[in-house]
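# Topology and contacts: notes
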Amino acid sequence: MLQQLNISNYALIDNLEITFDKGLNILTGETGAGKSIILGALSLILGQRAESRYFFNQQKKCVIEGSFRIGDFHLKQFFEDNDLDYEAETVLRREISADGKSRAFVNDTPVNLNSLKALGEKLIDIHSQHATLEINDPEFQLLVVDAVARHDDLLADYRAKFRAYKKDIAKLKQLADESEKAKADLDYFQFQFDELEKAALAADEQERLEQELYALNNAGEIKRNLLAAYYLMHEGEASAIIQLHEAGHQLSSLEKFNPQIAELHQRLNSTIIELKDIAAEIEVIEQHPQINEARAEEINARLSLIYNLQKKHRVNSNTELLALQDELSDKIQQAVFGDEAIEKLQKQLQADRQELEQLAGALSANRKKVIPEIEKQVLQSLGEMGMANAALRIELFSVSGRNSPPVGGGLGDNGTDEVKFLFNANKGHALAEMSKVASGGELSRLMLSIKSIIAQNTALPTIIFDEIDTGVSGEVANKVGQIMEKLADNLQVITITHLPQIASKGESHYFVYKDDEGATTYTRIKQLNKQERILEIAKMLSGDKPGESALQNARELLAS
């Protein structure tokens, strides 16, 4: 349930703190005082979009924070699924900066608006007078039946499998299209594949061949430089090795004078040995045939083939050509063996469809079973609100998925069913769609009855009625208030009303009003004590200056 709501810098609200009680909470006030502003602020922490033009002070950020007690409503799994810290007393916060940027938090953990909205839908249902129109929506009507059927797990299982089924249907179409195209292009793909396969490419081949060709093309220069290096190191009269040998003789004659010289002599001998090895290897390389025109022609021919293939297929490397070869192989395999994959997927879809039909059948059976009880409860509730002659028939029938186009043969997002509510408030008249035969006041009472049934069959902590009593008055309004009181036995109910009969119900009564301070108007709220409540209800009965008769009527309403 909603325990506390804090609003800062929103519309006519500078700072406002409201502490709600369990059961039935009443909000009253003059039209335009700010009751809807409070609901608008609440909707922000339930994931609705925000606009900075509604700020009280355009230079400051808007902050809305709501504290909810959720320990009894089995929401731990939702928190785990969304990687949120679960707290029995959970805080939702929304911060909107002056430039319109928004941040949302659940227990101080940042979340996106979709997550905030998903959690909000599990905490509060806000029902405004305009929402009465949804009673004519077939999806809402089906939701009512499903709520009473209490088969959430079954419906979730069906929907998950149906989503997978639709994906596989799309995959089957894709496979069929690709297979048909692959068959049409098979000869072309085979020719390209054969050409690449015959080339027998290697990933690093181009780099190796280019390096070898470069060496062949510069063989003369390589040979000359190798000979020069060998001569300077080993053959010349003043070669490096001869010079180092002479230096060694000089060091040898000095070894007796200093032990360190002996060590240096030894290191020099090692250097001479290393230089002789290098000179020998240079000689071997130099003597190896360097000029090979036949090999150069062979490499040029091979590189020409590689370059032409790369140009033809618009790639820059053998690695890309090999990847293309694999891709062509897959297309050929698909053309040759694609029908097997299609047949396999078709069999899987057939099995999945049978399972979906079984689940849809179970959903239909559950719905059919609870429809008489829904009709009975709605009519009983309407009778208590002065509509004893009302008649309601709920029709359940299989369709081809008019609202959410099915994937073959009647399967839709909710099974194979559609629901239609037929109604008439007057005795002896034919039943018809509610929008055609019910007045505004009748629709309000009908929606209240239906919402009551939904609330009794779901774990929703809080429901808010925003002037749902539009179009009712007198004893009917009193009955509507009694229905709300009864509903509040099982969950928190917050209702905004202009009717004294409803305002007299419940234990907690909040008065919303405008307060002018200097040049600025503020929206304020206060919880009324007993005497203040009597006066407020008396004003609702007879105007700003109620007489003793109105005050007495107010006392009687509160005592009833």
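For the structure itself, consult the block above.
Parameters at a glance
Residues numbered from 1 in each chain as written. Predicted model: local features only at pLDDT ≥ 70, side-chain atom pairs only at ≥ 80, totals over all residues. Heavy atoms only, no water. Helix = DSSP H or I, 4+ residues; strand = E, 2+ residues; numbered from the N terminus. Rg over C-alpha atoms; globule rule 2.2 N^0.38 Å. Buried < 20%, exposed > 50% of the residue type's maximum accessible area, 1.4 Å probe, protein only. Contact = heavy atoms within 4.5 Å. Areas by Shrake-Rupley, 256 points an atom, 1.4 Å probe, with all protein chains shown as cover. Core = buried A, V, L, I, M, F, W, Y, C linked by side-chain atoms within 4.5 Å. Arc of directions from axis to C-beta. Polar contact = N/O pair within 3.5 Å; in protein donor to acceptor, adjacent residues only side chain to side chain. 1 Å grid on protein atoms, 1.4 Å probe; cavity = no way out; pocket = protein on both sides within 12 Å on 5 of 7 lines; lining within 4 Å. Points joined across faces, edges and corners; volume = space filled by probe spheres on them. Axes fitted to C-alpha atoms, helices over the stretch in contact; angles between N-to-C directions. Parallel < 35°, antiparallel > 145°, perpendicular 65-115°, else oblique. Left-handed = near helix turned anticlockwise from the far one by under 90°. Nonpolar A, V, L, I, M, F, W, Y, C, P; charged D, E, K, R; others polar. Salt bridge = Lys/Arg side-chain N within 4 Å of Asp/Glu carboxyl O. Expected span 1.5 Å × (residues − 1). Pairing = 2+ DSSP bridges.

## Description of the overall build of the protein
From N to C terminus, the protein includes 18 helices and 15 strands. For 560 residues, the compact-globule estimate of 2.2 N^0.38 gives 24 Å, and the C-alpha radius of gyration of the protein, at 43 Å, exceeds that figure by more than 25%. Dimensions of the protein, computed from the C-alpha atoms along their principal axes, are close to 140 × 70 × 40 Å. The proportion of buried residues among the 560 residues of the protein is 43%. By sequence separation, contacts in the protein at least 24 residues apart represent 71% of the contacts at least 6 residues apart. For the protein, the accessible surface area stands at approximately 30,500 Å², while carbon and sulfur atoms represent 49% of it.

## Some thoughts on the nonpolar core
Proteins that are soluble and globular tend to have nonpolar side chains buried together. Among the nonpolar cores identified, the biggest contains 56 residues, and Phe421, Phe423 and Ile450 are the most heavily contacted of them. Each residue touching Phe423, except ones within four places of it in the same chain, is listed here: Leu382, Met387, Ala390, Ala391, Leu392, Ala430, Leu431, Ala432, Met434, Val437, Ala438 and Leu446. With 44 residues, the next largest nonpolar core counts Ile18, Phe73, Phe79 and Ile464 among its residues.

## Overview of helix α3 (residues 113-123)
Among the residues of α3, Leu113, Ser115, Leu116, Leu119, Gly120 and Leu123 are the ones counted as buried. Axial view of α3: buried residues confined to an arc of 160 degrees, hence all on one face. In α3, those exposed residues whose orientation departs by more than 90 degrees from the buried face are Asn114 and Glu121. By the N-cap criterion, in which a side-chain oxygen at the helix start approaches the backbone nitrogen of a residue two or three places on, α3 is capped by Asn112, the distance to Asn114 being 3.2 Å.

## Details of empty space enclosed by the protein
Tallying each qualifying case throughout the model produces one cavity of 30 Å³ or more. Considering the residues around the largest cavity, the lining is formed by Leu2, Leu5, Phe20, Leu27, Ile38, Leu39, Leu42, Ile464 and Ile494. At the level of elements, β1 (2-10) and α1 (35-44) are the ones that each hand at least two residues to the lining of the largest cavity. At three residues, α1 tops the list of elements feeding residues into the lining of the largest cavity.

## A word on the packing of helix α9 (residues 240-252) against helix α10 (residues 259-287)
Contact pair α9 / α10: the axes reach a minimum separation of 10 Å and the direction vectors enclose 165 degrees. In terms of orientation, α9 lies roughly antiparallel with respect to α10. When you trace α9 past α10, the crossing you get is left-handed. In this structure, α9 contributes Ile241, Leu244, His245, Ala247, Gly248, Leu251 and Ser252 to the contact, and α10 contributes Ile261, Leu264, His265, Leu268, Ile272, Leu275 and Lys276. A class-by-class count of the residues in the contact of α9 with α10 yields nine nonpolar, four polar and one charged.

## Focus on the pattern of salt bridges
For the coordinates displayed, the defined rule picks out 23 salt bridges. With a shortest N-O distance of 3.6 Å, Asp204 and Arg208 are connected by a salt bridge. We classify Arg208 as partly exposed; its relative accessible area is 46%. Through salt bridges with shared partners, one network takes in Lys61, Arg93, Glu95, Arg103 and Asp108.

## Some remarks on the layout of surface pockets
Estimates place the volume of the largest pocket at around 1,700 Å³. Lining the largest pocket we find 40 residues, and of these Glu121, Lys122, Leu143, Asp152 and Thr458 sit closest to its centre. Sorting the residues of the lining of the largest pocket by element identifies α2 (76-81), α3, β8 (124-128), α4 (138-149), α5 (152-184) and α14 (440-456) as the ones contributing at least two each. Among the elements that make up the lining of the largest pocket, the one with the highest residue count is α4 (six residues).

## Topic: helix α18 (residues 548-559)
Between the first and last C-alpha of α18 there are 16 Å, a value that for twelve residues agrees with the 16 Å anticipated at 1.5 Å per step. Considered for burial, the residues of α18 that qualify are Ala550, Leu551, Ala554 and Leu557. Each buried residue of α18 lies within a common arc of 120 degrees when the element is viewed along its axis, so the set occupies one face. Exposed side of α18, more than 90 degrees from the buried face: Glu548, Ser549 and Ala559 are the residues found there. The secondary structure elements touched by the buried residues of α18 are α16 (500-503) and α17 (530-542).

## Thoughts on the sheet that holds strand β11 (residues 432-433)
Pairing within the open sheet is antiparallel, and its three strands lie in the order β9-β10-β11. Of all strands in the sheet, those with a lone pairing partner are β9 (391-398) and β11, marking the two edges. Of the strand pairs in this sheet, strand β10 (residues 417-424) and β11 are connected by two bridges, and their pairing is antiparallel. Its bridge partner lying in β11, Leu422 is registered against Glu433. The sheet contacts of α4 involve β9 and β10, and relative to β10 the element is tilted by about 95 degrees.

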